There are 4 protein chains.
Amino acid sequence: MSRLRKDHGLCIGSGAPGPANCITDVPGVQVGHETIVAEDDGVCTGVTAVLPHDGDLYREKLPAAAAVINGYGKMTGLAQIHELGLIESPIVLTNTLGVGTAWDAVTGWMLERFDRPEDPILSINPVVAECNDSQLNHIRARAVDEHHVRAALDGASSDPAAEGCVGAGTGMTAFGWKSGVGTASRFVRRGENRYALGVLALPNFGRADQLTIRGVPVGETLPGPCARGRSTGGSIVVLVATDLPCDARQLSRLARRVAVGIARTGGTCDGTSGEFALAFSTAKRVPHKDTGDLPRQAPNDVAEALDDAFLAVVEATEEAILSALFAATPTVGHDGRPCPALPRPSVLALVGASRAA
Amino acid sequence: MSRLRKDHGLCIGSGAPGPANCITDVPGVQVGHETIVAEDDGVCTGVTAVLPHDGDLYREKLPAAAAVINGYGKMTGLAQIHELGLIESPIVLTNTLGVGTAWDAVTGWMLERFDRPEDPILSINPVVAECNDSQLNHIRARAVDEHHVRAALDGASSDPAAEGCVGAGTGMTAFGWKSGVGTASRFVRRGENRYALGVLALPNFGRADQLTIRGVPVGETLPGPCARGRSTGGSIVVLVATDLPCDARQLSRLARRVAVGIARTGGTCDGTSGEFALAFSTAKRVPHKDTGDLPRQAPNDVAEALDDAFLAVVEATEEAILSALFAATPTVGHDGRPCPALPRPSVLALVGASRAA
Amino acid sequence: MSRLRKDHGLCIGSGAPGPANCITDVPGVQVGHETIVAEDDGVCTGVTAVLPHDGDLYREKLPAAAAVINGYGKMTGLAQIHELGLIESPIVLTNTLGVGTAWDAVTGWMLERFDRPEDPILSINPVVAECNDSQLNHIRARAVDEHHVRAALDGASSDPAAEGCVGAGTGMTAFGWKSGVGTASRFVRRGENRYALGVLALPNFGRADQLTIRGVPVGETLPGPCARGRSTGGSIVVLVATDLPCDARQLSRLARRVAVGIARTGGTCDGTSGEFALAFSTAKRVPHKDTGDLPRQAPNDVAEALDDAFLAVVEATEEAILSALFAATPTVGHDGRPCPALPRPSVLALVGASRAA
Amino acid sequence: MSRLRKDHGLCIGSGAPGPANCITDVPGVQVGHETIVAEDDGVCTGVTAVLPHDGDLYREKLPAAAAVINGYGKMTGLAQIHELGLIESPIVLTNTLGVGTAWDAVTGWMLERFDRPEDPILSINPVVAECNDSQLNHIRARAVDEHHVRAALDGASSDPAAEGCVGAGTGMTAFGWKSGVGTASRFVRRGENRYALGVLALPNFGRADQLTIRGVPVGETLPGPCARGRSTGGSIVVLVATDLPCDARQLSRLARRVAVGIARTGGTCDGTSGEFALAFSTAKRVPHKDTGDLPRQAPNDVAEALDDAFLAVVEATEEAILSALFAATPTVGHDGRPCPALPRPSVLALVGASRAA
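Residues numbered from 1 in each chain as written. Chains lettered and ligands numbered in written order. Predicted model: local features only at pLDDT ≥ 70, side-chain atom pairs only at ≥ 80, totals over all residues. Heavy atoms only, no water.

**A few points about the overall build of chain A**
Tallying secondary structure elements over chain A gives nine helices and 15 strands in all. Its C-alpha atoms give chain A a radius of gyration of 19 Å, near enough to 21 Å, the size a compact globule of 357 residues would have. Counting only contacts in chain A whose residues sit at least 6 apart along the sequence, the fraction spanning at least 24 positions is 81%. Across chain A, the centroid of the 32 positively charged side chains sits 5 Å from that of the 40 negatively charged ones. (Helix = DSSP H or I, 4+ residues; strand = E, 2+ residues; numbered from the N terminus. Rg over C-alpha atoms; globule rule 2.2 N^0.38 Å. Contact = heavy atoms within 4.5 Å. Lys, Arg positive; Asp, Glu negative; His and termini not counted. Charge placed at Lys NZ, Arg CZ, Asp CG, Glu CD.)

**Let's talk about the sheet that holds strand S6 (residues 127–131) of chain A**
Residues and elements named next belong to chain A. The four strands lie next to each other as S1-S2-S5-S6, forming an open sheet whose pairing is mixed. In the strand order of this sheet, the two ends are held by strand S1 (30–38) and S6, each with one partner. Taking the axes of each pair of neighbouring strands and ignoring which way they run, one obtains an average angle of 15° across the sheet. By the bridge criterion, nine bridges tie S1 to strand S2 (residues 43–51) in an arrangement that is antiparallel. (Pairing = 2+ DSSP bridges. Axes fitted to C-alpha atoms, helices over the stretch in contact; angles between N-to-C directions.)

**A few points about the pattern of salt bridges**
On inspection of all chains with the given rule, the structure shows 76 salt bridges over all chains. Measuring nitrogen to oxygen at the nearest pair gives 3.6 Å for the salt bridge that ties B:Glu318 to B:Arg264. A residue pair is termed long-range when its members are at least 10 positions apart, and B:Glu318 in helix H8 (residues 307–327) and B:Arg264 in helix H7 (residues 258–264) qualify at 54 residues. A residue is classified by how much of its surface remains accessible, and B:Glu318, at 5% relative accessible area, is buried. One salt-bridge network, in which partners are shared between bridges, spans A:Arg5, A:Arg186, A:Glu315 and A:Glu319. (Salt bridge = Lys/Arg side-chain N within 4 Å of Asp/Glu carboxyl O. Buried < 20%, exposed > 50% of the residue type's maximum accessible area, 1.4 Å probe, protein only.)

**Things to note about helix H8 (residues 307–327) of chain A**
Here H8(A) contains 21 residues, and its C-alpha end-to-end distance of 30 Å stays within 8% of the 30 Å for a straight helix at 1.5 Å per residue. Where burial is concerned, most of H8(A) is hidden: 20 out of the 21 residues are buried. (Expected span 1.5 Å × (residues − 1).)

**Considering the interface of chain D and chain B**
Each partner contributes to the interface: chain D provides 32 residues, whereas chain B provides 32 residues. Carbon and sulfur atoms make up 52% of the area that chain D and chain B hide from each other, which totals about 2,200 Å². Sorting the residues of chain D by area buried against chain B places D:Arg257, D:Thr268 and D:Asp307 first, and these three jointly supply 19% of that buried surface. Taken together, chain D and chain B are joined by zero salt bridges. At the boundary of chain D with chain B, the tally comes to 12 residue pairs in polar contact (both at pLDDT 80 or more). Grouping the constituent residues of the side of chain D that touches chain B by class yields 12 nonpolar, nine polar and 11 charged. (Buried area = accessible area lost by both parts, 1.4 Å probe. Polar contact = N/O pair within 3.5 Å; in protein donor to acceptor, adjacent residues only side chain to side chain. Nonpolar A, V, L, I, M, F, W, Y, C, P; charged D, E, K, R; others polar.)

**Overview of the relation of the copies chain D and chain B**
Mapping between the two chain copies consists of a rotation about an axis together with a translation along that axis. When chain D is fitted to chain B, the residual RMSD is 0.0 Å, and the transformation amounts to a turn of 180° plus an axial shift of 0.0 Å. Each copy turns onto its partner about a two-fold axis. Looking at the rotation axis and the C-alpha trace of chain D, the residue lying nearest is D:Gly215, at 1.9 Å. (Least-squares fit on C-alpha atoms with pLDDT ≥ 70 in both.)

**With respect to the environment of C:His147**
Counting through the fold element by element, C:His147 comes out in helix H4 (residues 146–154). The sequence separation of C:His147 and C:Ala105 amounts to 42 residues, and the corresponding C-alpha distance is 7.8 Å.

**A word on the environment of B:Arg113**
All names here are of chain B. For Arg113, the position within the fold is in helix H3 (residues 99–114). Look at Arg113 and you get partly exposed, because its relative accessible area is 44%. Through-space distance from the C-alpha of Arg113 to that of Arg59 is 12 Å; in sequence the pair is 54 residues apart. Polar side-chain contacts of Arg113 include one of 3.1 Å to the side chain of Asp154.

**Overview of the packing of helix H3 (residues 99–114) of chain A against helix H4 (residues 146–154) of chain A**
Residues and elements named next belong to chain A. At their nearest, the axes of H3 and H4 sit 9 Å apart, and the two run at 55° to each other. One way to sum up the angle between H3 and H4 is to call them oblique. The crossing of H3 and H4 is right-handed. From H3, Thr101, Ala102, Ala105, Val106, Gly108, Trp109, Glu112 and Arg113 reach across to H4, where they touch Glu146, Val149, Arg150, Leu153 and Asp154. Taken together, the residues that form the contact of H3 with H4 break down as six nonpolar, two polar and five charged. (Parallel < 35°, antiparallel > 145°, perpendicular 65-115°, else oblique. Left-handed = near helix turned anticlockwise from the far one by under 90°.)

**Describing the sheet that holds strand S5 (residues 91–95) of chain D**
Think of a sheet as strands paired side by side through backbone hydrogen bonds, with each pair either parallel or antiparallel. All names here are of chain D. Read from one edge to the other, the open sheet built from four strands follows the order S1-S2-S5-S6, with strand pairing classed as mixed. Of all the strands in the sheet, just strand S1 (30–38) and strand S6 (127–131) have a single pairing partner and so form its edges. Going from strand to strand, the sheet's axes swing by 15° on average, the running direction of each strand aside. Across three bridges, the pairing between strand S2 (residues 43–51) and S5 is antiparallel. Directly across from Val50, in S5, lies its bridge partner Ile91. Contacts from helix H3 (residues 99–114) reach S2, S5 and S6 within the one sheet, and its direction differs from that of S5 by about 150°.

**A look at H4(C)**
Every buried residue of H4(C) is accounted for by C:His148, C:Val149, C:Arg150, C:Ala152 and C:Leu153. Buried residues belonging to H4(C) abut strand S1 (30–38), strand S2 (43–51), strand S5 (91–95) and helix H3 (99–114) of chain C.

**Comments concerning the packing of aromatic side chains**
The tally for this structure, following the rule as stated, stands at eight aromatic pairs over all chains. With a centroid separation of 5.0 Å and an interplanar angle of 65°, the aromatic rings of A:Phe175 and A:Phe205 are classed as edge-to-face. In this pair, A:Phe175 is assigned in the loop between strand S7 (173–174) and strand S8 (177–178) and A:Phe205 in strand S10 (residues 193–205), connecting sequence segments 30 residues apart. In this structure, A:Phe175 and A:Phe205 share a single accessibility class: buried. The interplanar angle of 90° and the centroid separation of 5.9 Å between the aromatic rings of C:Trp109 and C:Phe114 together place this pair among those described as edge-to-face. (Phe/Tyr/Trp six-rings, centres within 6.5 Å; stacked < 30°, edge-to-face > 60°.)

**Describing unusual backbone geometry**
Residue and element names in this part refer to chain C. Non-glycine residue Arg142 carries a positive phi angle of around 45°. Residue Arg142 is classed as partly exposed on the basis of its relative accessible area of 27%. With phi around 60°, Cys269 is a residue other than glycine that occupies positive phi space. As for its placement among the helices and strands, Cys269 is situated in the loop between helix H7 (258–264) and strand S12 (274–281).

**Some words on the confidence of the model for chain A**
Residues shown with low pLDDT carry predicted positions that ought not to be read at fine detail. Summary statistics for chain A give a mean pLDDT of 92 and a share of 92% for residues scoring 70 or more. This complex was scored by the predictor with a pTM of 0.96 and an ipTM of 0.95. (pLDDT = per-residue confidence, 0-100.)

**A word on the state of the cysteines**
Applying the stated rule across the entire model yields zero disulfides over all chains. Free of any disulfide, D:Cys44 has its nearest cysteine sulfur in D:Cys165, 8.5 Å distant. With no disulfide of its own, D:Cys246 lies 15 Å from the sulfur of B:Cys269, the closest cysteine sulfur. What makes D:Cys246 buried here is its relative accessible area of 0%. (Disulfide = S-S within 2.5 Å.)

**Things to note about the side chain of C:Thr48**
All names here are of chain C. Relative to the assigned elements, Thr48 resides in strand S2. The class for Thr48 is buried, based on a relative accessible area of 0%. One polar contact links Thr48 to His33, side chain to side chain, over a distance of 2.9 Å.

**A word on the side chain of A:Glu275**
Position of A:Glu275 among the secondary structure elements: in strand S12 (residues 273–281). The charged side chain of A:Glu275 is buried without a salt bridge, its nearest counter-charge being C:Arg257 at 6.6 Å. A distance of 2.7 Å separates polar atoms of two side chains, one belonging to A:Glu275 and the other to A:Ser273. Apart from residues no more than four positions distant in its own chain, A:Glu275 is found in contact with A:Ala67, A:Val68, A:Ile69, A:Asn70, A:Phe205, A:Ile236, A:Ile262 and A:Cys269.

**Looking at the pairing of strand S3 (residues 60–70) of chain D**
Residue and element names in this part refer to chain D. For S3, a buried count of eight out of 11 residues is recorded, marking the element as mostly surrounded by other parts of the structure. Judged from the two bridges that link them, S3 and strand S13 (residues 286–287) form a sheet pairing that is antiparallel. Following the sheet pairing, Lys61 is matched in S13 by Val286. Bridge count between S3 and strand S4 (residues 86–87): two bridges; the pairing is antiparallel. Looking at the pairing, Pro63 lines up with Leu86 of S4. When S3 meets strand S12 (residues 273–281), the two strands line up antiparallel, connected through six bridges. Residue pairing across strands places Val68 opposite Phe276, the latter belonging to S12.

**Quick look at the environment of C:Ile236**
All names here are of chain C. Along the chain, Ile236 turns up in strand S11 (residues 234–242). Accessibility expressed as a relative area gives 0% for Ile236, which makes it buried. Note: C-alpha distance between Ile236 and Gly206 (30 residues apart in sequence) is 9.5 Å. When neighbours within four sequence positions are excluded, Ile236 is seen to be in contact with Cys131, Leu202, Pro203, Phe205, Ile262, Gly274, Glu275, Phe276 and Ile321.

See the structure below:
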């Protein structure tokens, strides 16, 4: 849960957050972390799992869509999601070289959980995304194992998710500082109804001088250079969940707005920064078996229908990224050099002074 | 209406055609042709208009999607259709240099028909597509005028559409023979229901030796070389209408299957052949004004849900292309050289002999 | 030419601008404006033409690519640009209902300029983009005529381009203030070489409270509400020119970074805001006739190769948008209500105070 | 190597095949198969690996592009290939549930082969594609192990590749008959030069009644129904290699023409048929490290420049699919029921009779 607001009095944007300011404010969404640290081996990495709902993910699929902002990354499952507009698996985040292991572990977990003799599962489309934590983690040790992935999946819950150096966030850095996992949420109004929209971000991008908070270029003025600036890129994965009854095309539009949230934190979409967004809606579960129906009801989807949802995506993305930085703790990398946490008091002073001016 | 079957006993595929074997078998769809011939000036071109339904096209939009098979062409309106999944205008086909005129004429026609003082139309997304008829038509004369476009729009009706050398088809050639406009339709079953799916094609592509009819490579063996073979390319526009209640993502899948229908006639998607497909569904009219609703009902859209519709697209596309060739009549080009019509008896003999074997 | 820096001391980003801080800093690029004002008829609109180079645009094509950030707009020519990776025409910007006229006028102008009896032009792919100026302009009067478009084309020159209420910018508004045309440029280093990258923007988007300048949310605090806030959207077209020897895939990556520049000014990519970017490279002219060659040289295009160019796109886009606002002058709309210009002293005070803090 | 022509006198199309009529006719391309059969466990599956060249795949990347014809499949690596236009790994084909294992095994193999202390590999983009062999193979046994993948990779050679029931083809079926791996090649002329273009196909699609060979609908008339028809879909992966000096955009155009080759065999692109094509060019190896260069030379890529290559893709795809069927041998499935091989004499008689007529 984003603690920017609660712990640090830092509000992002104008929208109202949900009760936990977390992606789990969307009913049914579950998050699990498995943190992998073995200091002697230079290992600091992990796995974060997001379950789109609490039922049979295979037989009750959800509308989903992805946006590839800069495609220098390895997210799996995109072609099928694009073709069918559906997600049928958990979403697993981990380090770059752990994607295959995670894919395989999700397959095993799905078979164990949902396979039935009378309706066997013969095809699964696991969604695995990654950021590269090799600045801190000895990535070539390939420490992520099947049981780590299963632990993250099995441990998933709808409680407010931990942030910072947990799960896939364990070894991440952003804007030269220790990063991790961050999350935030917003309420969205549509007609008479109120919906929830939540974001979970794994920011691992950004040059030190670019960090921007509420428009203040704190990266330009933070006292002392950070320990390990990144000359280029990095990457970020952002998941967007909502109970707005959106179809895949609409979710694609939501996912694309993640780019605006990233830009607000100072990101410039560097060439080496793999930037991926995935959005899904929990409002409609799509049965696995063909019932012969086709949609009957006209969506009333004028161009502006989703503007409040777009703004929610932008603000929740911005807040989740910053929350990952604020929640992270100093971490020593595999080469023995420390990566410091964001100096929160200095940052808050810079932001506050600017705003008070 | 496709007369292949009725006039020539030539059946394409296994699906049952609609009553008129025409795109107008989809209730509400209207077709209008304006043929422009001025022999002294080398002008043989025209305009074909398709109205997606018979109501206020602007305030009752339809789900739609396009597929760009080979993008060497000038179809307008695609970005907005892709973003919103909706069409809000007639579709106009004409020659390559007439696109701007047609765009402008559609705008004027829409304003005249649908503009209201209390709800003015400030933005329109005309859909205009083209094929290049410069082999026969003196295209640089730019003979298409606003009143031609309006005549096609005003003349649109739900009667079975004329085929061959009419409207936009007036100057087209395909596989070295005179081509034109062609159309066909199929019934589609989905669950308990039966729907209509219609195609209108403007084929202007294909090398003489490639023409294939029901698998028989008639182009290889037709007696005597055709008058003006095309060394490369050409182009084709295919419109797909259906009353299946499809959303834009599903229509995108329908539109992409047009490529299979083209391939069945011998086309190889040459680099200079602009090949565009557009599909729309008349089942749901989407209001122009925001009512605050979002879709509530889960579509039951398993991967195979649309297979019958896909097959209908393939077969109706194949039949519409061939029907354009069978309906066309010999035409003298702007350079005085004639373009012959397909020698139907020889063709039917070749196809029949092969099948009888 | 962007006068933000020269006239107002307002620097955007860290990159060095070109000599004129204008898209014409890229050698060969030419800009022409035709302003159309007829107060009695409520007409304030216009046409802006950008010529990618000063030669035969048809027979010497340039690598090009577009990015559709939010596709609620009517830009023509995109399918062919995407397929062939080439632009072969001027780029014309005008109001939404003038696209057809502009398309037709470009066709006529191209034929007049470049058609040759021995090598006739039978196909042209005009690139026309639009923003909707109906807040100020009586758009349904459809005031844009062929001769306006030709005047913009014929008047194009490589001199520093005028900004503000000229050409297509005449009737545009952004963030509740009068907008117009803006431009800016940056130098880009790549290996040992220095290249130019220029941007021309037509901003017509943004809610009043969103305007952000150098991170300062001036829109939240500007004294007095602006005359006509926009409840939603709008649109923006951004052209990017460079003499970096990029191919179409690389230009696509450049064009996508325009979104970051827009986000920096406060834009949130509203649903009704058609946001289009087009990038082209003047480094390589591609012959019209097939010479039988294929590219021989391996591009050395590692992921980070274009990072300086990406940053240049971001900064020049941000500056061009703001420059359009700073250069614009108050304008009375067709309904008699004025649209004020940005109160520059107040804005500068807000930005300066924030930065001084 | 395609033995259709040599062993059965069946020629596909008009183009001349390369010396081995195999994807390995493209210099440097290597193919390796690992067949996995354990009858007692119902296991008949495997792995096929294609190495794009014989050097350091990571530090000498190749231009590449994919086409997703119907995205109901799990091909990995597509986003990065699309963004950078490069492939940096082997391509591995296996069964649907083996993708994660194959991804992981490729990562390990790449690290072992190409990692260097002074230039460590921290990120790899493995390309793994699949078809679903669960009709014959007990897919949920997840029999594919890391050592199988390594065996296929280590065994890759530039010798003519085995076809039929080997490697990933071991458990595949198509058009109701036993399928497998197939390959074919064509020479392509461009200007003064001759290039090689090779295809490797893994066909696992098609309804029994659809099978078409050289236009003859043999599937409609084959004596006796096949053992296990497929009510719907299936899938197919097609790899296209060439030494034509194409860039990624051009390769994307090549990859898209695979759909025409599939259509020629009777495929209708069913909804459950994941159909993916990947094309790469061996002509230019792109260095891993930035040298500061950008491409200097203008490609002469008029629209028709690639038409011969397109035709080669179409014909080689068609031939590779049929060759997989002709080379396959009867196989007993995990349920004890046999899947017969195509009755070659009957098929040849049908094709010959038709052609002789």
